[in-house]
Amino acid sequence: MARRARPFPRSLRLRFALAILLWIAAGFVLIGFSLSSLVRRHVEAQFHDELAVHLEELAALTRLTPEGAPYLDRPLSDPRYAMPGSGFYWQVEREGHAPLRSGSMPQGTLDPELAHQPHIVHRLAPGPTGPTMTYGFAAPAPDGGPELHFLIATDERILNEVIAAFDRDLGRWLALLALGLFGTGSLVMLYVLRPLDRLGRAIAAVRHGSAHRMETGWPAEIEPLVDELNELLDTTDTMVSRARLEAGNLAHHLRTSLAILTDEAETLARGPAGDSATTLIEQCRRIARQLDWHLARARAGARAGAGTAIPQAILPIATAIERLHAGRGVRFVVGSGPAARLAVDEADFAEILSNLADNAGKWARTQVAIAWGVRAGEAVIQIVDDGPGIPEAQREAVFAAGTRLDERAPGHGLGLAIARDLARRYGGEIRLRGRDDGEDGLVVCLVLPLGAGGGQVADGRAAAARGSEWCRLSEPVRNFGPCRGVSGCSN
Ligand SMILES: Nc1ncnc2c1ncn2[C@@H]1O[C@H](COP(=O)(O)OP(=O)(O)OP(=O)(O)O)[C@@H](O)[C@H]1O
Ligand SMILES: [Mg+2]
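Residues numbered from 1 in each chain as written. Chains lettered and ligands numbered in written order. Predicted model: local features only at pLDDT ≥ 70, side-chain atom pairs only at ≥ 80, totals over all residues. Heavy atoms only, no water.

## A short note on the overall build of the protein
The criterion, for reference: Each helix is a run of DSSP H or I of at least 4 residues and each strand a run of E of at least 2, with the numbering of both proceeding from the N terminus. Classification of residues uses two cut-offs on accessible area relative to the type maximum, computed with a 1.4 Å probe and protein chains only: under 20% is buried, over 50% is exposed, and between them is partly exposed. Contacts: residue pairs with any heavy atoms within 4.5 Å of one another. Per-residue and other accessible areas were derived by the Shrake-Rupley procedure at a 1.4 Å probe size, with only the shown protein chains allowed to occlude residues.
Secondary structure assignment for the protein yields 8 helices and 14 strands. Scored against the burial criterion, the 491 residues of the protein give a buried share of 40%. Pairs at least 24 apart in sequence give 63% of the contacts found in the protein among residues at least 6 apart. Carbon and sulfur atoms make up 59% of the accessible area of the protein, which totals about 27300 Å².

## With respect to helix α6 (residues 346-363)
Two residues of an α-helix separated by three or four positions point the same way, owing to the 3.6 residues in each turn. Cut-off, in case you're wondering: A helix is expected to reach a length of 1.5 Å times the quantity of its residues less one. N or O atoms within 3.5 Å of each other form a polar contact, as long as, within protein, one can give a hydrogen and the other can take it, and as long as residues adjacent in sequence are counted only when both atoms are side-chain atoms.
End to end, α6 covers 26 Å across 18 residues, agreeing with the expected 26 Å (1.5 Å per residue, within 8%). Burial analysis of α6 places 13 of its 18 residues in the buried class, which makes it a mostly covered element. For α6, the N-terminal capping position is held by D345, with its side-chain oxygen 3.3 Å away from the main-chain nitrogen of A347.

## What to know about the site of ligand 1
Quick reminder of the rule: The nearness test applies per residue and asks whether one of its heavy atoms lies within 4 Å of the molecule or strand.
Residues in close proximity to ligand 1 total 20 residues, the closest being N359, K362, D385, R404 and L414. Within the side chain of K362, one N or O atom sits 2.9 Å away from an oxygen atom of ligand 1. In this structure, a nitrogen atom belonging to ligand 1 sits 2.8 Å away from a side-chain N or O atom of D385. Of all the elements in the fold, those that place two or more residues in the shell around ligand 1 are α6 and α7 (415-425). For the shell around ligand 1, the element with the highest residue contribution is α6, accounting for 4 residues.

## A closer look at the nonpolar core
Using the following cut-off: Joining through side-chain atoms within 4.5 Å is the link that ties buried Ala, Val, Leu, Ile, Met, Phe, Trp, Tyr and Cys residues into a set, and such a set is a nonpolar core.
By size, the foremost hydrophobic cluster in this structure holds 46 residues, and its most contacted members are L342, F349, I352, L356, I383, I430 and L446. Those residues in contact with F349 that sit more than four places away from it in its chain are T308, I310, A313, I314, L342, V344, I381, L446 and L448. Counting residues in each nonpolar core, the second largest holds 25 residues, with L55, L64, A141 and L159 among its members.

## A word on the sheet that holds strand β4 (residues 100-101)
Quick reminder of the rule: At least two bridges found by DSSP between two strands are what make those strands a pair. Every axis corresponds to a line fitted to the C-alpha atoms, with the helix fit spanning only the stretch in contact, and the corresponding angles, defined between N-to-C directions, vary from 0 to 180 degrees.
Here we have 5 strands laid out as an open sheet, ordered β4-β3-β7-β6-β5, and antiparallel in their pairing. At either margin of the open sheet sits one strand with a lone partner, and together these are β4 and β5 (121-127). Here strand β3 (residues 88-94) runs beside β4; their pairing, made up of 2 bridges, is antiparallel. The residue bridging V92 from the neighbouring strand is L100, located in β4. Packed onto the sheet, helix α1 (residues 12-61) meets β3, β5, β6 (130-139) and β7 (148-155) and runs at close to 145° relative to β7. Taken strand by strand, helix α2 (residues 156-208) contacts β3, β5, β6 and β7, and its axis lies near 35° from that of β7.

## Considering the environment of A339
Mapped onto the elements of the fold, A339 is located in the loop between β9 (331-334) and β10 (340-342). Assessed through its relative accessible area of 65%, A339 is described here as exposed. Remark: the alpha-carbon pair of A339 and I310, spanning 29 residues in sequence, is separated by 5.6 Å. Beyond its immediate chain neighbours, meaning those up to four positions away, A339 contacts I310 and P311.

## A closer look at the sheet that holds strand β13 (residues 429-433)
Sheet architecture is open: 5 strands sit in the order β9-β11-β12-β14-β13, paired in mixed fashion. The sheet is open, and its two edges are formed by β9 and β13, each paired on a single side. Across the sheet, the axes of successive neighbouring strands diverge by a mean angle of 15°, strand direction being ignored. Against the sheet, α7 makes contact with β13 and β14 (442-449), and its axis sits at roughly 135° relative to β13, the strand it touches most.

## Some details on the confidence of the model for the protein
Rules: Known as pLDDT, the predictor's confidence for each residue is given on a scale from 0 to 100.
For the protein, mean pLDDT is 85; residues scoring 70 or higher make up 88% of the total. Counted against residues more than four places away or in other chains, residues 453-466, with its pLDDT under 50, gives 26 contacts. In the model, residues 478-491 has pLDDT below 50 throughout and makes 38 contacts with residues more than four positions away in sequence or in other chains.

## Considerations on α1
For α1, built from 50 residues, the straight-helix expectation of 74 Å at 1.5 Å per residue is met to within 8% by its first-to-last C-alpha distance of 72 Å. Capping the start of α1, S11 holds a side-chain oxygen 3.2 Å from the backbone nitrogen of R13, two or three residues further along.

## Remarks on a nonpolar patch on the surface
What counts is decided by this rule: Like-charged residues are merged into a patch within 9 Å and nonpolar side chains (Val, Leu, Ile, Met, Phe, Trp, Tyr) within 5 Å, provided each residue has over 30% relative accessible area and no salt bridge. Whenever Lys or Arg places a side-chain nitrogen within 4 Å of a carboxyl oxygen from Asp or Glu, that contact is recorded as a salt bridge.
Judged by side-chain polarity, L12, F16 and L196 come together as a nonpolar surface patch covering roughly 250 Å² of accessible area. Relative to the elements of secondary structure, L12 occurs in helix α1. Accessibility expressed as a relative area gives 41% for L12, which makes it partly exposed.

## Quick word on the packing of helix α5 (residues 314-324) against α6
How two helices pack is summed up by the angle between their axes together with the distance between the axes. For clarity, the cut-off: Here is the rule for handedness: rotate from the far helix to the near one, and if that takes an anticlockwise turn smaller than a right angle the crossing is left-handed, while a clockwise turn gives right-handed.
It is at 10 Å that the axes of α5 and α6 come closest, and there the two elements cross at 40°. Note that α5 runs across α6; the crossing there is right-handed. Residues I314, I317, I321 and L324 of α5 lie in contact with α6, whose contacting residues are F349, A350, L353, S354, A357 and D358.

Quick look at the structure:
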């Protein structure tokens, strides 16, 4: 089924940022328009008042010659009426006489239609240099003759320029303010969302085993969620513990019966039914090993608990496995490496390493070396032997449960499957490769996550994608030198 495209971004931060941005943009566009139209109204009103005063001044300064022609006693007080093309114009008309015009209007005329009312009338009308706001009124002449028509006009562009200059300043100022608000809004958002990052880290710590439960001290909105999570963890822990206990009990009962069966079969093996008894013994051992496998799987919780300290955990395992193969004279060498704490349960680590070391001990001719190193978030452990090795084409196949290449050494083909299964539950990985020095033998690379303080937790698949780098130790195990001063060295 085709996935429907998400209408919103997945990140809460991005959502908040977008919401803040839209909110601020919408708010400021609205504020911008309202302020601009308010200012236009005020400026227009101011122009209106000013021109009305000028019109009254024009009327007061108008005189008539003995022939009745209008003239001005003196120029208007605003000098712009004298500057040609200034955008400020006046005109006085009287029927039967040439119109009187301001010096600013060497050509063109104002529409006298507006000046036929006794009160001031204004409207937008064509003027000498484009549309003008024209004001006019008519007044009776002192000589009792035809009325005088007074007109005053201002280019509309002058009003528009004043408003446009204001709009520009307003736009700049609002943009700055919006930027400031967006910045502070983003800071507030980061502060508010910080507990979510902490929540993610706390959950990861529980998942990777460096913490057993979620820590305390959360904001009131998150506290209930954390409490629920802790309840869930407790319930899961109880269920897992009970299941493990029951699996352990079952294994114990089966093992006891198996031991009795094996014992009986060994007695029978000394009699005439020797062959069948040997088969019985072999099958009992196989069942015991299968039990081990299933028990190991049941026990592994991929919860690291207190984790595992290396080299402390490596040394006793190497010593025990060396003892197990002492009959063949195989020597175990544990190299020196940095002390570290793996985010892996100690019993699970023992299960992993003893399976790998047991294989090495079984197939080595003379010696097995164990070395390790740490890098960002993970530890690399190499178990190197000088046995026959495994052909490259079969190095993956041997991980399948039940796969055995060489029947000469005893076994059931489960050890590698158990070890890899456990390692992967912790985000680790196991791979096989040939020796760096070209000699016969096998290098088993075990990568496991480091615990808290060791960096991020490893991801086996990401690690595997790094190819040959994946299994690199800062000090590769080239030749099997002597144990280098680790306390409890096995040789
Ligand atoms: N170090 C090694 N050198 C050579 N071959 C190996 C080595 N480790 C494993 N193998 C091969 O891989 C096979 C699978 O190993 P695995 O540990 O799964 O089973 P096993 O050792 O045969 O039995 P089990 O571990 O269940 O007792 C082995 O049978 C063997 O053929
Ligand atoms: Mg094995």
